[in-house]
Amino acid sequence: MRILVATAVPVERDAVARALAGTDVEAEVIAAGVGPARAAAATATALAAAPYGLVVSAGIAGGFQPDAPVGSLVVADEITAADLGAETAEGFLPVTELGFGTVTHRPPGPLVRDAVAATGARAGAVLTVSTVTGTATRAALLKDRHPTALAEAMEGFGVAEAAALHGVPVLEIRAVSNPVGPRDRAAWRIGDALEALTEGFGKLAPVLESWKTV
Ligand SMILES: O=C(O)c1cccc(C(=O)CC[C@H]2O[C@@H](n3cnc4c(=O)[nH]cnc43)[C@H](O)[C@@H]2O)c1
């Protein structure tokens, strides 16, 4: 069964495609766009056009320190929308506590375990945010709310929502380009993260090849 890999931007798409070229993985790799809404729309459009047995959200991410250093790989055991809810005087309430919606999707456990074993990635929650974290205060608040969080990015939850609507399992794999914390755009190591993404997908290829549950 074919695999859909949804990245945000063309350089991420190319980093994944480079790794999968020459393997037996049947994959469509798309640059779906930045942010959860665009990622969901593009992923749903692709899933409506052709059958897929797995959707993978992939790209670069911010890593929570010290557990996810720059250049490391993270596989999501949970894909959580970190800012989908309401601010109240008592603090943030996720939409689920308001009585509707979903804030978390869980990739298949065996697939996460195999991906970790193959790539050496760490497994943990990957948060989806609409605003890149830019202060130590916000980073600490997110970590406090989501103690297992290893990374934040901007698309995983959108990709996972689209996959869930189509009844397709989802995986998220991220290469860390920057620490989550005080904004220092000049310190982002995007090239190193893209190389880690290519290397990671190279190691992941046998796992994807053997993903034949659908
Ligand atoms: O520098 C900025 O102001 C800025 C604002 C919005 C987006 C960006 C990106 O370059 C994000 C591109 C892409 O990378 C993922 N990403 C990487 N690091 C982080 C992070 O620390 N927090 C959230 N997302 C991150 C994200 O998935 C975007 O698709 C720059």
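Because the structure is a prediction, the values reported are computed rather than measured. In every chain, residue numbers begin from 1 and rise along the written sequence. Local features in this predicted model are restricted to residues of pLDDT 70 or higher, and side-chain atom pairs are both shown and tallied only at a pLDDT of 80 or more, whereas totals for entire chains, interfaces and linings draw on every residue.

*Asks:* Could you clarify how one ought to interpret the site of the ligand in this entry?
*Replies:* For each residue, a C-beta atom is positioned from the backbone; the residue is called near a molecule or strand if that atom sits within 6 Å of it. By nearness alone, 17 residues border the ligand, and A8, G62, V132, A153 and M154 come closest of all. For the shell around the ligand, the elements supplying multiple residues, two or more each, are β3 (54–63), β9 (149–153) and β10 (170–179). We count a stretch as a helix when DSSP gives it H or I for four or more residues in a row; a strand needs E for two or more, and each element gets its number in order from the N terminus. For the shell around the ligand, the leading source of residues is β3, giving 4 residues. Charged means Asp, Glu, Lys or Arg here, nonpolar means Ala, Val, Leu, Ile, Met, Phe, Trp, Tyr, Cys or Pro, and polar covers whatever is left, Gly included. Residues that form the shell around the ligand fall into these classes: 9 nonpolar, 5 polar and 3 charged.

*Asks:* For this particular structure, what's the right way to read the UniProt feature "domain: Nucleoside phosphorylase" (unreviewed entry) in the protein?
*Replies:* UniProt positions are given in the numbering used here, feature names are shortened, and annotations may be inferred rather than shown by experiment. Mapped onto this numbering, the UniProt entry annotates "domain: Nucleoside phosphorylase" (unreviewed entry) at residues 26–188. Between the C-alpha atoms that bound residues 26–188 there is a distance of 32 Å. The span itself is 28% helix and 34% strand.

*Asks:* Where do I start with the pairing of β10 in this structure?
*Replies:* Both faces of the sheet carry side chains from a regular strand, because those side chains alternate between them. The element β10 is largely enclosed, with a buried count of 10 among its 10 residues. By definition, two strands form a pair when at least two bridges between them are found by DSSP. By the bridge criterion, 9 bridges tie β3 to β10 in an arrangement that is parallel. Within β10, the position partnered with A61 by the bridge is V176. Two elements, strand β4 (residues 73–81) and β10, share 3 bridges in a ladder whose sense is antiparallel. Opposite V75, over in β10, you have I173 as the bridge partner. Whether a residue is buried, exposed or partly exposed follows from its count of other C-beta atoms within 10 Å of its own C-beta, namely 20 or more, 12 or fewer, or something in between, respectively; the C-beta atoms are built from the backbone.

*Asks:* I keep staring at the pairing of strand β5 (residues 85–88) and nothing clicks. Help me out?
*Replies:* Where β5 and strand β6 (residues 91–94) come together, 4 bridges link them in antiparallel fashion. Bridging from a neighbouring strand, A86 pairs with L93 of β6. Hairpin connection, β5 to β6: the antiparallel pair is bridged by 2 residues.

*Asks:* Please clarify how the environment of A187 should be interpreted in this entry.
*Replies:* Tracing the backbone through its elements, the reader meets A187 in the loop between β10 and α6 (190–209). When the C-alpha atoms of A187 and S177 are compared, they prove to be 8.8 Å apart, with 10 residues separating the residues in sequence.

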